[in-house]
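# Understanding the architecture of this molecule
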Amino acid sequence: MFDLLQGRVGKHRFHPMLVHFPTGLYPFSLVTDIIGFVSQNDKFFSAAWYALLAAVGMSIPAILYGLIDFLKIDTSSQAWKKAGLHALLN
């Protein structure tokens with residue numbers, strides 16, 4: 001049921017589950033940095049730093065499992081072209 005090497009929990013893939021964390025944490029880090037600069041409160045800088053670390057930490061497995069999913073797509077399909085563009089833009 002839980003297959004770490006294939007990136008699946010049952011029929012659900014890991015990549016779509018993981019990408020939401022960096023997608024939310026990168027902007028949160030930016031906003032808390034801006035608030036920290038405006039308010040000169042070091043607690044916001046700390047929050048931004050930890051959010052950035054978490055975003056980078058979650059980006060790595062999201063990229064790896066995205067690559068696993070990408071390598072399973074037939075290279076002659078339209079989905080492969082879209083997935084390749086998605087990977088290049090990210």
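Remember, it's a predicted structure, so these values are computed and weren't measured experimentally.

## A closer look at the overall build of the chain
Counting secondary structure elements, the chain contains 4 helices and 3 strands. Along the chain, helices (α) and strands (β) appear in the sequence β-β-β-α-α-α-α when read from the amino end. In terms of overall dimensions, the chain is more spread out than a globule: its C-alpha atoms have a radius of gyration of 17 Å, far above the 12 Å expected for 90 residues. In terms of principal-axis extent, the alpha carbons of the chain reach across some 55 × 30 × 15 Å. For the chain, with 90 residues in total, the buried portion stands at 21%. A separation threshold of at least 6 residues defines the contact pool for the chain, and within that pool the share at least 24 residues apart is 48%. In the structure as shown, the chain presents an accessible area of about 6,800 Å², 72% of it carried by carbon and sulfur atoms.

## Some remarks on the environment of Y65
With respect to the secondary-structure elements, Y65 resides in helix α3 (residues 42-71). Along the sequence, Y65 and H15 sit 50 residues apart, while their C-alpha atoms lie 5.2 Å from each other. Those residues in contact with Y65, other than ones at most four positions away along the chain, are L4, G7, F14, H15 and L18.

## Quick look at the packing of helix α2 (residues 20-39) against α3
Across the interface, α2 lies against α3 with an axial gap of 8 Å and an inter-helix angle of 160 degrees. In terms of axis orientation, α2 runs roughly antiparallel to α3. Crossing geometry of α2 relative to α3 is assigned as left-handed. In this structure, α2 contributes F21, P22, L25, Y26, F28, S29, T32, D33, I35, G36, F37 and S39 to the contact, and α3 contributes F44, F45, A47, A48, A51, L52, A54, A55, V56, M58 and S59. Of the residues in the contact of α2 with α3, the class split is 17 nonpolar, 5 polar and 1 charged.

## Here's the deal with the packing of aromatic side chains
One pass over the structure, following the stated rule, counts 3 aromatic pairs. Summarising the aromatic geometry, the rings of F37 and F45 are spaced 5.1 Å apart at their centres and angled 75 degrees between planes, so their arrangement reads as edge-to-face. A relative accessible area of 55% places F37 in the exposed class. Here the aromatic rings of F70 and W80 are separated by 5.6 Å at their centres, their planes lie at 20 degrees, and the arrangement is stacked. Taken together, the residues span a long stretch of sequence, with F70 in helix α3 and W80 in helix α4 (residues 78-89) at a distance of 10 residues. Under the relative-accessibility criterion, W80 is labelled partly exposed at 31%.

Conventions and cut-offs
Residues numbered from 1 in each chain as written. Predicted model: local features only at pLDDT ≥ 70, side-chain atom pairs only at ≥ 80, totals over all residues. Heavy atoms only, no water. Helix = DSSP H or I, 4+ residues; strand = E, 2+ residues; numbered from the N terminus. Rg over C-alpha atoms; globule rule 2.2 N^0.38 Å. Buried < 20%, exposed > 50% of the residue type's maximum accessible area, 1.4 Å probe, protein only. Contact = heavy atoms within 4.5 Å. Areas by Shrake-Rupley, 256 points an atom, 1.4 Å probe, with all protein chains shown as cover. Axes fitted to C-alpha atoms, helices over the stretch in contact; angles between N-to-C directions. Parallel < 35°, antiparallel > 145°, perpendicular 65-115°, else oblique. Left-handed = near helix turned anticlockwise from the far one by under 90°. Nonpolar A, V, L, I, M, F, W, Y, C, P; charged D, E, K, R; others polar. Phe/Tyr/Trp six-rings, centres within 6.5 Å; stacked < 30°, edge-to-face > 60°.

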